[in-house]
Amino acid sequence: MQKSYLLKDLNDKQREVVSAPYDLNLLVLAGAGSGKTRVLVNRIAWLITVEKFSPYSIIAVTFTNKAAIEMQQRVNQLLGVIKNKILIGTFHTLSSNLLRKHYMHVNLPKDFQILDSNDQYYLVSKLLNVLNLNEKQWSPQQCIWYINNKKNNGLRPKDIQIKNNKIEETLLKVYQFYQDTCDRSGLVDFSELLLRAYELFLNKTDILQYYCNRFTNIFVDEFQDTNFVQYAWIRQLVGKTGKLMIVGDDDQSIYGWRGAQIENIKRVIDDFSDIKTILLEQNYRSTKNILKAANALISNNSIRMGKKLWTKGIDGEPIVIYCASNELDESRYIIDQLKYWNENNNSLNNCAILYRRNSQSRLLEEALIKNGIPYCIYGGKKFFDRKEIKEVLSYLRLVVNRNDDASFERVINIPARGIGETTLDIIRNLSCKHKLTLWESCEYLLREKNYFKRASVVIQRFLNLINFLEKETKNMNLHVQVNYIIKKSGLFDMYKKEKNEKGEARIENLNEFLNAALEFKRQDESTSYLQSFLSYVSLNSSNEKKIIINQDNVQLMTLHSAKGLEFQFVFIIGVEEGILPSYMSIYKDQKIEEERRLAYVGITRAMKKLIITYTESRFLYGKRVNPLPSRFIGELPIECIKKIYLTSPINNEKKYLNFNSEVYKNDFEYKVGQLVVHDKFGEGKIINLIGIGKECKLQIVFQKQGVKWLVAQYARLNYLNNK
Ligand code: ATP
Ligand code: MG
């Protein structure tokens, strides 16, 4: 391939990156759509074709499965035949493969199972039960957050010291207990994958050395979202001799809540004193209007490295802000727009509908189905997370690994076989006492015989069933094996008996699952087909349901999973206070900045057309509420947008002027942004106010109780000093 081919159509800065001397470390810091991923891909091709590096020497890491697939495709387009030898993947898939290879070096069983976030939730809530911790006081979510956060920062329970903090002491106890259970059962959650991979390199220097020798060229896309462990792992891999290319954008850092550290960008500059930093400022993706709006929005953030994007592109259409009367009207409007787009010979694949919360997709899905518009979802209500699929998976996992407690718990009594909570409690207690897995506890019980008879018969039958399934299906092809297990476990008959639509849908999903098994191709030949299929499922459980290839689909996804992607036509829906920014973040300035970056990521996905919607009334958190348009809408320059209202525009205008005017005060000195304390609800922040005098209504987001409307004169609020 010609050098010129790899450099053509690039601007000077981009060329400088792609053709930089092979022994340079590179840091490309640049805004959305400026060609970061493009130069990364071209650089890979350059090293191979011009500098003659072996494709084996290259490893590239990115964040979502979809982004990894796209990167692979872009590399394939450039290089053609040798494509498969370059290792491209997400942090999670790469770590998982590494651990499979070196399971014995990290004290994992060969057949360790990956817990996705739902499995993790399920397991933690069970353990809270065993520990006698009241779920109301100790939510599984809070414990999971604690555990993952510690792991993301490389901390094992033994590394954590607590002084006089009862709450944290309990959380630590849960962490320890959870980890013991996982270790005993051969279970590995997502954060654990990364931490173990890091510890593998830390403790086994010869293994690290092997990989350092092999991977001399290391690439990281979306670097701004790496957490402590991920960055530490990258540094290990670079070692003393490897060369690193990092691309990222501080304005698109959206995983702070998961431990991502923007500071890693500064750290990398300190750690690699010779790293060459290149800034790209020309945007090739979006129209002037879209870009101007994005620039204006993000300039409201105070924590920024600071940069401004420009484009030679056309002004394009103004961004449409649609104020819907409610969520049905919102869906209806979107459908109309999609139809219009499609009727004018534009492809649906080029349209994306983005939202902040997964649950926002449901209504829209219904509307799309009703109107016969094909769509697919990334993330969200996940195929592999559906009840029936989880149940089949549990059987499959038990067949591979008897000690998988989470799976054991899930199906020991499904289909019903007369093993109730009392029996289960006995098993659980035994497992705690003797540090056994649930399976081992059952064996123990059966050996001891001093156990009431009926239960021991059914338990024996269950153990026999699993042993039988393993023995019978050992030599079958994967899909025959899966089919056999679905039938013999009794699951199929059980769903068949559910005579309603749900039952039908479940059978459909099971069939779809069989399709997945049929289509599955094993990559790693050192493990069994079933084992690698199960890993594949865990790692893809955030990759949505049936994706019909070659069909023209509207793409639905959360703002988080849209990172790195681009579409001609983008909708961002439900752009309201309480959704985007989420009500959890309204309270804290730093979190607001992360929400703003999320909005920025959303806007910058759009190439040509952007529609932003919000509603005047919607069902949210179990109540019908009257949300306010997001402050982020108010931050878009007037000249870039066009507003469409069904109801009186004057009311709307007023609403958000109120909201955005920091100085707005009424006679009682209530103002938006004021921190207050309420006798019952605790601390909160005023986010909206309607009316004047003491009769005015205040909308307040309370730290613990969520959003409430209160009448000022009855609320008896005290002020807190704003920091
Ligand atoms: P993000 O921050 O959203 O990940 P990015 O910086 O990675 O964006 P790319 O996805 O690499 O940006 O590029 C954005 C779009 O611009 C792509 O369609 C890409 O092909 C195109 N592009 C990049 N550089 C050029 C160029 N020099 N000439 C024409 N098009 C370009
Ligand atoms: Mg990119």
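This is a predicted model, so every value here is computed, not measured.

**Q** Just checking my understanding: could you explain the environment of L131 for this structure?
**A** With respect to the helices, strands and loops of the structure, L131 is situated in the loop between α6 (117-130) and α7 (140-152). Not counting residues within four places of it along the chain, the set of residues in contact with L131 comprises K173, V174 and F177.

**Q** Hey, could you run me through the sheet that holds strand β17 (residues 641-645) in this one?
**A** Sheet strands line up and pair through hydrogen bonds in the backbone, either parallel or antiparallel. Pairing within the open sheet is parallel, and its seven strands lie in the order β11-β12-β10-β13-β14-β9-β17. Lying at the two open borders of the sheet, with one neighbouring strand each, are β11 (375-378) and β17. Averaged over neighbouring strand pairs, the angle between their axes works out to 20° when direction is ignored. In this structure, strand β13 (residues 567-572) lies alongside strand β14 (residues 606-615), joined through five bridges in parallel fashion. Paired with I572 across the bridge in β14 is I612.

**Q** Teacher, can you tell me more about the environment of I88 here?
**A** When you line up the elements, I88 lands in strand β3 (residues 87-90). The class of I88 is buried, set by a relative accessible area of 13%. Measuring from C-alpha to C-alpha, the distance between I88 and N217 comes to 12 Å, with 129 residues separating the pair along the chain. When neighbours within four sequence positions are excluded, I88 is seen to be in contact with A60, A68, M71, Q72 and V75.

**Q** It is not clear to me how the site of ligand 1 should be interpreted in this structure. Could you clarify?
**A** Lining the immediate environment of ligand 1, one finds 20 residues, of which D9, K36, R285, E566 and R605 sit closest. Protein contact buries 87% of the 640 Å² of open area that ligand 1 shows by itself. By residue class, the composition of the shell around ligand 1 is three nonpolar, nine polar and eight charged. Viewed by domain, the shell around ligand 1 spans two of them, domain 1 (3-99 + 196-282) and domain 3 (286-374 + 551-661), each represented by three or more residues.

**Q** Where do I start with the packing of α6 against helix α8 (residues 166-185) in this structure?
**A** Think of two packed helices as two axes; the pair is described by the angle between the axes and how far apart they sit. One can describe the packing of α6 onto α8 by two numbers: an axis separation of 10 Å at closest approach and a directional angle of 115°. Once α6 is placed against α8, the crossing between them reads as right-handed. Of α8, the residues touching α6 (which contributes Q120, L123, V124, L127, L128 and V130) are V174, F177, Y178, T181 and C182. A breakdown of the residues in the contact of α6 with α8 according to their chemical character gives nine nonpolar, two polar and no charged.

**Q** Could you clarify how one ought to interpret the side chain of T64 in this entry?
**A** Tracing the backbone through its elements, the reader meets T64 in the loop between β2 (58-62) and α4 (65-79). Among the polar contacts listed, one links the side chain of T64 to the backbone nitrogen of A67, at a separation of 3.0 Å.

**Q** Sorry if this is basic, but what is going on with the pairing of strand β9 (residues 319-324) here?
**A** For a regular strand, side-chain orientation follows a simple rule: the groups alternate between the two sheet faces. Burial within β9 is extensive, with six of its six residues counted as buried. Side chains I319, I321 and C323 of β9 all project onto a buried face; the interleaved residues V320, Y322 and A324 project onto the opposite face, where all are buried too. Bridge analysis of β9 against β17 gives five bridges, and the strand direction is parallel. Within β17, the residue paired with V320 across the bridge is K642. Bridging between β9 and β14 involves five bridges; their strand directions are parallel. Of the residues in β14, the one forming a bridge with Y322 is T613.

**Q** Is there a simple way to think about the packing of helix α16 (residues 387-400) against helix α20 (residues 453-473) in this case?
**A** At their nearest, the axes of α16 and α20 sit 9 Å apart, and the two run at 75° to each other. Comparing their axes, α20 and α16 come out roughly perpendicular. The segment α16 lies against α20, with Y395, L398 and V399 engaging F462, L465, I466, L469 and E470. Among the residues forming the contact of α16 with α20, the class breakdown is seven nonpolar, no polar and one charged.

**Q** Looking at this model, I keep getting lost on the UniProt feature "binding site: ATP" (unreviewed entry) in the chain. Mind explaining?
**A** The positions that UniProt labels "binding site: ATP" (unreviewed entry) are, in the present scheme, A30, G31, A32, G33, S34, G35, K36 and T37. As for the annotated residues named above, the ones lining the second largest cavity are T37. Those residues in contact with A30 that lie beyond four places of it in its chain are K36, G248, D249, L280 and K307. Mapped onto the elements of the fold, T37 is located in helix α3 (residues 36-49). On the basis of relative accessible area, T37 is assigned to the buried category, the value being 17%. Contact partners of T37, with chain neighbours within four places excluded, come to R74 and D221.

Calculation criteria
- Residues numbered from 1 in each chain as written.
- Chains lettered and ligands numbered in written order.
- Predicted model: local features only at pLDDT ≥ 70, side-chain atom pairs only at ≥ 80, totals over all residues.
- Heavy atoms only, no water.
- Helix = DSSP H or I, 4+ residues; strand = E, 2+ residues; numbered from the N terminus.
- Contact = heavy atoms within 4.5 Å.
- Pairing = 2+ DSSP bridges.
- Axes fitted to C-alpha atoms, helices over the stretch in contact; angles between N-to-C directions.
- Buried < 20%, exposed > 50% of the residue type's maximum accessible area, 1.4 Å probe, protein only.
- Near = heavy atom within 4 Å.
- Areas by Shrake-Rupley, 256 points an atom, 1.4 Å probe, with all protein chains shown as cover.
- Nonpolar A, V, L, I, M, F, W, Y, C, P; charged D, E, K, R; others polar.
- Domains from an automatic or database assignment.
- Left-handed = near helix turned anticlockwise from the far one by under 90°.
- Polar contact = N/O pair within 3.5 Å; in protein donor to acceptor, adjacent residues only side chain to side chain.
- Parallel < 35°, antiparallel > 145°, perpendicular 65-115°, else oblique.
- UniProt positions renumbered as here; feature names shortened; annotations may be inferred.
- 1 Å grid on protein atoms, 1.4 Å probe; cavity = no way out; pocket = protein on both sides within 12 Å on 5 of 7 lines; lining within 4 Å.

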